[in-house]
Amino acid sequence: MSSIRCYILDDEPMAVALLSDYVNKSPQLTLVGSSTSALQALTDLQQLEVDLCFIDIQMPELTGLQIMSLLGRKTYFIITSAYNQYALEGYEHNVIDYLLKPVTYERFFKSIQKATPILSMAITKEEPKKTSQENFLFVKTDGKHIKVQYEDLKYVEGLKDYLVLHLANEKIITLSTLKEMEEKLPSTLFIRVHKSYIINKQHLDSIERNRLYIDKAIVPIGETYKKTVLGQLIKE
């Protein structure tokens with residue numbers, strides 16, 4: 001099974017730090033992001049690939065229940081709260097468990113054991129969508145569909161509702177979103193490194209701090225993507 005990609009949302013910095021430590025102690029988990037702001041977390045959870053979110057309920061801006069409702073079935077949740085009155089309402093969403101604060105590692109570990117088989121089935125169903133036996137895709141531009149070979153695509157840049165595909169010898173502009181393009185491209189070759197960039201790992205020349213060098217181009221690594229990106233690229 002692939003590593004479970006986790007996100008932590010709690011308006012208390014100490015709670016975020018504690019859960020981050022618990023995630024880092026658990027080999028089957030990977031922390032892809034965290035926040036003390038509900039609005040920032042909502043943006044992150046819509047953009048990142050997150051399997052499991054540890055989420056508080058009572059927060060300013062938006063409650064945890066509101067965020068779960070807005071995200072629909074995109075992500076599974078484990079609620080972390082000092083109050084138990086939200087347990088029943090929480091289970092109307094993709095909630096796997098309910099942890100009462102203060103959360104001990106023993107209780108956290110039991111919750112992960114409960115979540116693992118559920119997430120394993122969900123991730124297995126998603127994985128075929130991220131791979132492909134083909135070596136190309138078609139991109140619509142100027143009223144026609146152009147065939148783009150994966151090996152020629154160096155990186156994709158998102159500009160609001162448009163994408164710029166940077167190829168070996170040209171650029172193609174198409175009306176689409178980076179999330180839509182990420183779902184089409186095989187994860188064996190491509191990786192999202194920033195809210196505005198997807199790169200072809202085969203074209204990566206070097207890494208320096210928070211920058212990726214692809215030929216003469218410099219692509220930034222987003223802070224919320226940094227751990228996952230560096231862990232995958234350097235490991236490879």
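Everything numeric in this text was worked out from a predicted model, so none of it was measured.

## Describing the sheet that holds strand β14 (residues 211-214)
The sheet built from 3 strands is open, its strands ordered β13-β14-β15 with antiparallel pairing. The two strands at the open ends of the sheet, each matched to only one other strand, are β13 (206-208) and β15 (217-220). With strand direction ignored, the average angle separating the axes of adjacent strands in the sheet is 30°.

## Things to note about helix α1 (residues 13-25)
The end-to-end C-alpha distance of α1, which contains 13 residues, comes to 18 Å, matching closely the 18 Å that a straight helix rising 1.5 Å per residue would cover. Those residues of α1 lying buried are Ala 15, Val 16, Leu 19, Ser 20, Tyr 22 and Val 23. Taken end-on, α1 shows its buried residues confined to a sector of 160°, consistent with a single buried face. In this structure, α1 carries Pro 13 and Met 14 as exposed residues pointing more than 90 degrees from its buried face.

## Looking at the sheet that holds strand β3 (residues 52-55)
The 5 strands are arranged β2-β1-β3-β4-β5 in an open sheet whose pairing can be described as parallel. The sheet is open, and its two borders are formed by β2 (29-35) and β5 (95-100), each paired with just one other strand. Within the sheet, the average angular offset between the axes of one strand and its neighbour, ignoring direction, is 20°. Inspection of the sheet shows strand β1 (residues 4-9) paired to β3 by 4 bridges, in the parallel sense. Counterpart to Ile 8 in the pairing with β3 is Phe 54.

Rules used throughout
- Residue numbers run consecutively from 1 along every chain, following the written order of its sequence.
- Local features in this predicted model are restricted to residues whose pLDDT is 70 or higher, and side-chain atom pairs enter the listing and the counts only when it is 80 or higher, whereas totals over whole chains, interfaces and linings include all residues.
- With hydrogens and water set aside, each side-chain value is computed from the structure's full complement of heavy atoms.
- Pairs of strands are assigned from DSSP output, requiring at least two bridges between the strands.
- What counts as a helix is a DSSP run of H or I of at least four residues, what counts as a strand is a run of E of at least two, and both are numbered from the N terminus.
- To define axes, lines are fitted to C-alpha atoms, for helices over the stretch in contact only, and angles between the resulting N-to-C directions are given on a 0 to 180 degree scale.
- Multiplying 1.5 Å by the helix residue count minus one yields the expected span of that helix.
- Buried means the residue's accessible area, taken with a 1.4 Å probe over protein chains only, is under 20% of the maximum for its type, while exposed means over 50%, and partly exposed covers the values in between.
- Each C-beta atom gives one direction from the helix axis, and the arc is the one those directions make.

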